[in-house]
Amino acid sequence: MCGIVGYVGGRDAVEILLNGLKRMEYRGYDSAGLATLRAGKLAQVKNTGKVQALADRVFREWSEEFREGMHIGIAHTRWATHGAPTDANAHPHLDKAGKIALVHNGIIENYAGLRKMLEAKGHVFLSETDSEVLAQLIGALYQGDLLQAVSAALLQVEGTFGIAVLDEAHPELLVAARRGSPLLIGLGEGESIIASDAAAVVSHTRNVIYLDDDDIAEVRAGTADIRNLHNVPVNRAVSHLDWDSGAAEKGGYEHFMLKEIFEQPDAMRNCLRGRLDDTLHTSVLTGLGLEPRDMAAIQRIVLVACGTSLHAAMVGKYFIEELAGIPVETEQAAEFRYRNPILGPHDLVLAISQSGETADTLAAVREAKCKGTLVAGMCNVVASTIARETGCGIYLHAGPEIGVASTKAFTCQVTALFLLALKLGRGRRLSRQQGAGLVATAKALPELVAATLKLNDKVAAVAETLASCRDCFYIGRGILHPVALEGALKIKEISYIHAEGYHAAELKHGPIALLEAAVPVVALAADVPGKDKMVSNIQECRARGAPVIAVVSEGDEATLTSLRPIVQAIIELPKAPLHAVPVLCVVALQLLAYHAARLRGCPIDQPRNLAKSVTVE
Ligand code: AGP
C-alpha cells in the first residue's frame, strides 16, 4: 500500500523525505514523489519508478544551493488503486491554485461525485486519481485556514484516508489526518515527522503519536495539536517505539509472511470496501464492466490460474456453482494454454493472479481472447499485465504481498470469488433474503479472521508435531479439499516438508499405504458438508498409526467428542457461517506452515528455488 512521509524542522527536508520513502519501499509501490517549499513557493518532483530514480532526479534538478532552506515537505510512494502507475497519477497532488500539496493513502469511495461537482465549478484534473479530487476539494474550501479547509473537505469524504498536506501560505505547518489508513507523528528535538509507517520515523525519534480515525493534526517543528474533524481538541498519548529500524520495516513482525497473515482482516476490509449493496443485498463489482443482462447471459465460467491462485479458484467453484447454479471449470493455466480449450460466446474466463504477471496465466488470457470469449482478470497489482490485457475484472486491494508464500492474496481472492458468486446468484435465483444473509457473511469475514488469528500460539505449539517430520498429508472434503491442497502447498514451499494435499476419500485408493507413525495427517473436519465422513477418514488414518491434527469448528460437540480421544491435536476454529469456514481454515493452515518453517529455521520470506512471480514458462 502507499507510503507517506512528512517533515517539518530545522534539517534538510528533502534528504529526510527520500530516506523515509526508502524505509518503506518494502511495502511495494509503483511511483514516488515529493513536494517542499523553496522561498515560500511549492516545488515538487514525482514520477513512476523507484525511490532511487526520484532521488537521482531531485539531486540532478535541484542543486545543493537550490535545496537551501527546504525545511518542510511531504513525500509519497504510490501503490496504484485508482488509475495506472503514471507520472500524472503519482503523488503529491495539488489544488487548482497550485499552492496546496497533498499526499494520500486510502480510497475515496465518493470521488467520482466530488470530481463532477468540482468540474462543474471549473476545476480541471490532471490525473485519474481519487487523491487529486481531495486535494482540489481542500483548495476549493480554503479561505486561509488550512486545518479548517482540510476538516471541511474530509467531512464530505466517504472512504479511507491517511493524508499530509502542505500549504505555501503556512511554511511552518503540515496538516495530517487519518481514517482507516494508519498515520503517526514522530516528535523529535525541534522537528516532527509524519509517516504511514514507523519504519520512516524510528531512525529519527522513538516518541510517536498514533492518530485515531477522524483525528486531524496541526504539525509544527516538535509539536502536534490534535483535534477531531469538528475542531474539538483530543488528547493522544505519546508512545515509545521499541523497534530497531530493521524490524520496523516488517511492522514489528519477524517476517513479512507473518505480517501479511496478520494483515488479512484489514486486507479483506479493503477488498470488501464499497462492494456490498445493503439495499439489493448483492455485491458491487463495477470493474467487471458487465451489465446485469451480460451477467445473466453467462452460461459457464472458466477460472484459470496457477499455484495458490488455482486453489482459490477451486474454492470459488464451490461458491459459484452453489449460489449461482452456473457450471464452473478450474484450469491450470499451463494446461489451458496448450490444450486448445473449447470456449464460446456465453463463457466467462476469469484469470486469477496476485501478481498479474504469471507467464502461464497471461498466455491463457491471450488464448482465451483469441477464442472470442469474455475474459476478465482478478489481480492484486493494479495495471499489471493481466489486468491491462483483460481490461476488466476485480482488483483484490489486498496491498502489496512481499512474502513469496501467498497468504492475504489467497483469502482476498476467495472473498472476491464469494462476491462474484453473490452477484451472479442474485442475478438468478438467489432471493433478497438469501442475499442479505450472504452480505452479512461477507461483512463478518474480517472479524472472524481476526478471531482465528488469536489461535496463533496454539497453532505454534501444534506445529512442533509437523516441524520434525519429513512427510505429511493434508486431507479435506468438498470445499475444504482445495483448502487442504493450499495448506499442503504453504508448508511445502516454506518449510520444505514433503506435504501432499489429498481429497480425504482418495486416501484409501493408494496413498494410505504411506501412512505410519512418522507421517502425520492434517485433517480438515471443520463444519461444512462432509465433516461426518471426515471422522471416519481420520479413524482410518489412526488405524494405520498416523498421528492426526484435526481442524474442527468450535461448538461442533459431536465431532469434537468423536475426535478428542483419537487425535494428537485439535485446532478449533471460531464458529462461523458456512461460506466463511474455508477462509478461517486456511488462516489456521497458514500459521501452521509458518511456525513449522520457523521451527526449522527456514528463510521464510525467500524460500529456496522460489520467486514471488513466475514470469517464465
Ligand atoms: C503461492 O504461495 C506461490 N507463491 C505460488 O503458487 C503462486 O500462487 C503462483 O505462482 C501464482 O502466482 P500469481 O497469483 O501471482 O499468478
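Novice: So, the pairing of strand E1 (residues 3-8): which residues are in play, and what are the values?
Specialist: Of all 6 residues in E1, 6 are buried, a share of seventy percent or more. Inspection of the sheet shows E1 paired to strand E4 (residues 72-78) by 6 bridges, in the antiparallel sense. Within the sheet, the bridge partner assigned to Val-5 lies in E4 and is Ala-75. Judged from the 4 bridges that link them, E1 and strand E10 (residues 191-195) form a sheet pairing that is antiparallel. For Val-8, the partnering residue across the bridge sits in E10 and is Ser-192.

Novice: Run through the sheet that holds strand E20 (residues 374-379), naming residues and quoting values.
Specialist: The sheet built from 5 strands is open, its strands ordered E18-E17-E19-E20-E21 with parallel pairing. The sheet is open, and its two edges are formed by strand E18 (328-332) and strand E21 (393-395), each paired on a single side. Taking the axes of each pair of neighbouring strands and ignoring which way they run, one obtains an average angle of 15° across the sheet. One ladder, built from 6 bridges, connects strand E19 (residues 347-353) with E20; its direction is parallel. Paired with Ile-352 across the strands is Met-378, a residue of E20. This element, helix H10 (residues 307-324), spans strand E17 (300-305), E18 and E19 of the sheet and lies at about 175° to E18.

Novice: If you had to explain the site of the ligand to someone new, which residues and values would you point to?
Specialist: As a structural note, the neighbourhood of the ligand is formed by 15 residues, with Ser-309, Ser-353, Ser-355, Thr-358 and Glu-493 the closest of them. Thr-358 has a polar side-chain atom sitting 2.5 Å from an oxygen atom of the ligand. For the ligand, whose free accessible area comes to 410 Å², the fraction covered by protein is 91%. The set of elements that each furnish at least two residues to the shell around the ligand consists of H10 and helix H17 (480-495).

Novice: So what's going on with the packing of helix H8 (residues 264-272) against helix H14 (residues 408-426)? Residues and values would help.
Specialist: One way to put it is that H8 packs onto H14 with a least axis distance of 9 Å and a crossing angle of 35°. Handedness of the crossing formed by H8 with H14: right-handed. In this structure, H8 uses Gln-264, Ala-267, Met-268, Cys-271 and Leu-272 to contact H14, whose residues at the interface are Lys-408, Thr-411, Cys-412, Thr-415, Ala-416 and Leu-419. Of the residues that constitute the contact of H8 with H14, the class distribution is 7 nonpolar, 3 polar and 1 charged.

Novice: With reference to specific residues and values, describe unusual backbone geometry.
Specialist: Between His-91 and the following residue, Pro-92, the backbone shows a cis peptide bond with an omega angle of 5°. Phi is positive for Asp-214, which is not a glycine, with a value near 65°. Turning to its location among the elements, Asp-214 is positioned in the loop between strand E11 (207-210) and strand E12 (215-220). Notably, His-397 is not glycine yet its phi reads approximately 55°, a positive angle. Structurally, the position occupied by His-397 is in the loop between E21 and H14.

The rules behind each value
- Numbering of residues starts from 1 in every chain and runs along the sequence as written.
- Note on the predicted model: pLDDT of at least 70 is required for a residue's local features to be given, and 80 or more for side-chain atom pairs to be given and counted; whole-chain, interface and lining totals, by contrast, use all residues.
- Working from all heavy atoms in the structure, the side-chain values ignore hydrogens and water.
- Type-normalised accessible area, obtained with a 1.4 Å probe on protein chains alone, sets the label of each residue: buried when under 20%, exposed when over 50%, and partly exposed for intermediate values.
- The helix and strand labels rest on DSSP assignments: H or I over at least four residues marks a helix, E over at least two residues marks a strand, and numbering proceeds from the N terminus.
- Any two strands with at least two DSSP-identified bridges between them are counted as paired.
- The angle between two axes is taken between their N-to-C directions and runs from 0 to 180 degrees, where each axis is a line fitted to C-alpha atoms and a helix contributes only its stretch in contact.
- Should any heavy atoms of two residues lie within 4.5 Å, those residues are considered in contact.
- Any residue with a non-hydrogen atom lying within 4 Å of a molecule or strand is treated as near it.
- In protein, a polar contact means a hydrogen-donor-capable atom and an acceptor-capable atom, both N or O and within 3.5 Å, with residues adjacent in sequence counting only if both atoms are side-chain atoms; elsewhere, any N or O pair within 3.5 Å suffices.
- Reported accessibility uses the Shrake-Rupley method at a 1.4 Å probe radius. Residues are deemed covered only where the shown protein chains occlude them.
- When the near helix sits turned anticlockwise from the far one by under a right angle, the crossing is termed left-handed; a clockwise turn instead gives a right-handed crossing.
- Here the term charged refers only to Asp, Glu, Lys and Arg, the term nonpolar to Ala, Val, Leu, Ile, Met, Phe, Trp, Tyr, Cys and Pro, and the term polar to all other amino acids, Gly among them.

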